[in-house]
Amino acid sequence: MKLLVSCAECNKENLSQGMVMTTAEFNDSGRYEYKCHKGHDVIVIIFEEKFEILFEIGAYAIADGYYREAVSSFTTALERFYEFFIKVICISKGIEWETILDTWKIVSAQSERQLGAFAFVHLIDQGTKPTLLSNSQIELRNKVIHKGYIPDSDQATKYGQAVLNIIRQLSFFIKENHQAAVNEVKRYNSESRRRESDNGKLVTGVSGGTIIDLRSHGAYLEKDLKTEISNLKYL
Ligand SMILES: [Zn+2]
């Protein structure tokens, strides 16, 4: 799984010949720096959220036959989505970003605390308890992550489907009700990928589209993970 990137300087020089694309390995920072074949310094930042990339890694893991790794990536995608959801709702209530980050430190080291925070933020915002993974899905996840259980393709795909349904449904909800807050959190997150030393340099933003696809508009549609995996592109 690789990210498609291009050099903005080269593209300016070769407007008529189309974009010259190359690939980069995904990393944790969402920021990519390299020298293009003509020696330009290229800085690329991605607009996708962490949970989108983690989910994508899980899908590629299934395609490649690594089902334990898929379950693990889907799990962290869901946890990072809970974080995103909490931050969006806090921003929608007019809370300062710095205050949110400072408060997040209380829960940042423990996913159980984050789940508790998510459940009650969801309750406050929507008046209902959230739909979570079923007990059997939680059991599978715990067996995989803590006991070394090796799931098969079907188990990993069903688990990923359950995670995808939760994330897509809730992201459609927050976009419908809190679009400005969604944009603001995305802006803060992508700004965190910039450096002061970038001033005066050309920084390109890329957004390649993911299975979760936070950018998509329109009505909520369930996506079939199996079909999405069969459509994955190999770079
Ligand atoms: Zn170049």
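Procedures and definitions
Residues numbered from 1 in each chain as written. Predicted model: local features only at pLDDT ≥ 70, side-chain atom pairs only at ≥ 80, totals over all residues. Heavy atoms only, no water. Helix = DSSP H or I, 4+ residues; strand = E, 2+ residues; numbered from the N terminus. Polar contact = N/O pair within 3.5 Å; in protein donor to acceptor, adjacent residues only side chain to side chain. Contact = heavy atoms within 4.5 Å. Pairing = 2+ DSSP bridges. Donors = N, O, S within 2.8 Å, 3.2 Å for Na, K, Ca; no water. Tetrahedral: all angles 85-135°; square planar, octahedral: opposite > 155°, others 65-115°. Buried < 20%, exposed > 50% of the residue type's maximum accessible area, 1.4 Å probe, protein only. Axes fitted to C-alpha atoms, helices over the stretch in contact; angles between N-to-C directions. Parallel < 35°, antiparallel > 145°, perpendicular 65-115°, else oblique. Left-handed = near helix turned anticlockwise from the far one by under 90°. Nonpolar A, V, L, I, M, F, W, Y, C, P; charged D, E, K, R; others polar. Core = buried A, V, L, I, M, F, W, Y, C linked by side-chain atoms within 4.5 Å. Phe/Tyr/Trp six-rings, centres within 6.5 Å; stacked < 30°, edge-to-face > 60°. Expected span 1.5 Å × (residues − 1). Arc of directions from axis to C-beta.

1. So, the side chain of Ser6
Line of reasoning, step 1. Structurally, Ser6 is set in strand 1 (residues 2-6).
Line of reasoning, step 2. A polar atom in the side chain of Ser6 sits 3.0 Å from the side chain of Asn11.
Line of reasoning, step 3. With near-sequence residues (within four places) excluded, Ser6 lies in contact with Asn11, Met19, Val20, Met21, Tyr34, Val42 and Val44.

2. Some remarks on the pairing of strand 3 (residues 31-35)
In regular strands, side chains alternate between the two faces of the sheet.
Line of reasoning, step 1. Of the strand pairs in this sheet, strand 3 and strand 4 (residues 41-46) are connected by 5 bridges, and their pairing is antiparallel. By the bridge assignment, Tyr34 is partnered in strand 4 with Val42.
Line of reasoning, step 2. Linking strand 3 back to strand 4 in an antiparallel pair, the connection comprises 5 residues, with Gly39 at a positive phi of about 90 degrees.

3. Some details on the coordination of the zinc ion
When four donors bind a metal tetrahedrally, each ideal donor-metal-donor angle is 109.5 degrees, and when six bind octahedrally, the ideal angles are 90 or 180 degrees.
Line of reasoning, step 1. Protein-derived coordination of the zinc ion comes from Cys7 (SG), Cys10 (SG), Cys36 (SG) and His40 (ND1), at a distance range of 2.1 to 2.3 Å.
Line of reasoning, step 2. Angles of 102 to 118 degrees at the metal separate the 4 donor atoms of the zinc ion, which places the site in the tetrahedral class.
Line of reasoning, step 3. Mapped onto the sequence, the residues coordinating the zinc ion show the spacing C-x2-C-x25-C-x3-H.
Line of reasoning, step 4. With a relative accessible area of 1%, Cys10 lands in the buried category.

4. Considerations on the sheet that holds strand 4
Line of reasoning, step 1. Taken in spatial order, the 3 strands of this open sheet run 3-4-5, and their pairing is mixed. Unpaired on one side and paired on the other, strand 3 and strand 5 (203-206) mark the two borders of the sheet. Averaged over all pairs of adjacent strands, the angle between strand axes in this sheet comes to 25 degrees, irrespective of strand direction.

5. Brief notes about the packing of helix 3 (residues 67-92) against helix 4 (residues 97-104)
Line of reasoning, step 1. Helix 4 packs onto helix 3 with a crossing angle of 140 degrees between their chain directions and a minimal axis gap of 10 Å. By the criterion of interaxial angle, the relationship of helix 3 to helix 4 is oblique. The hand of the helix 3/helix 4 crossing is right-handed. From helix 3, Arg80, Glu83, Ile86, Lys87, Cys90 and Ile91 reach across to helix 4, where they touch Trp97, Ile100, Leu101 and Trp104.
Line of reasoning, step 2. The residue makeup of the contact of helix 3 with helix 4, split by class, is 7 nonpolar, no polar and 3 charged.

6. Looking at the nonpolar core
Where a protein is soluble and globular, its nonpolar side chains tend to be buried together.
Line of reasoning, step 1. Phe55, Phe74, Phe81, Phe84, Phe85 and Val163 are the most contacted members of the largest nonpolar core, which has 48 residues in total.
Line of reasoning, step 2. Looking at this core, the elements with two or more residues in it are helix 2 (50-63), helix 3, helix 4, helix 5 (111-126), helix 6 (135-147), helix 7 (153-191) and helix 8 (225-230).
Line of reasoning, step 3. Counting residues per element, this core draws most heavily on helix 3, which supplies 14 residues.
Line of reasoning, step 4. Phe81 has contacts with Phe51, Ile167, Leu170 and Ser171, leaving out every residue within four places of it along the chain.

7. Thoughts on the packing of aromatic side chains
Line of reasoning, step 1. Evaluated as defined, the whole model comprises 8 aromatic pairs.
Line of reasoning, step 2. An angle of 80 degrees between the planes, with centres 5.1 Å apart, marks the rings of Phe51 and Phe81 as edge-to-face. In this pair, Phe51 is assigned in helix 2 and Phe81 in helix 3, connecting sequence segments 30 residues apart.
Line of reasoning, step 3. Plain terms: the ring middles of Tyr82 and Phe118 are 4.0 Å apart, the flat faces sit at 20 degrees to each other, and that makes the pair stacked. A residue pair is termed long-range when its members are at least 10 positions apart, and Tyr82 in helix 3 and Phe118 in helix 5 qualify at 36 residues.
Line of reasoning, step 4. Since its relative accessible area comes to 6%, Tyr82 is described here as buried.

8. With respect to helix 6
Line of reasoning, step 1. Relative to the 18 Å expected for 13 residues at 1.5 Å per residue, helix 6 spans 17 Å between its end C-alpha atoms, a close match to the ideal helical length.
Line of reasoning, step 2. Burial in helix 6 covers these residues: Leu140, Arg141 and Val144. Projected onto a plane normal to the axis of helix 6, the buried residues spread over an arc of 95 degrees and lie on a single side. Pointing more than 90 degrees away from the buried face of helix 6 are the exposed residues Asn135, Glu139, His146 and Lys147.
Line of reasoning, step 3. In this fold, the buried residues of helix 6 make contact with helix 3 and helix 7.
Line of reasoning, step 4. One or two positions beyond helix 6, positive phi appears at Gly148, with a value near 75 degrees.

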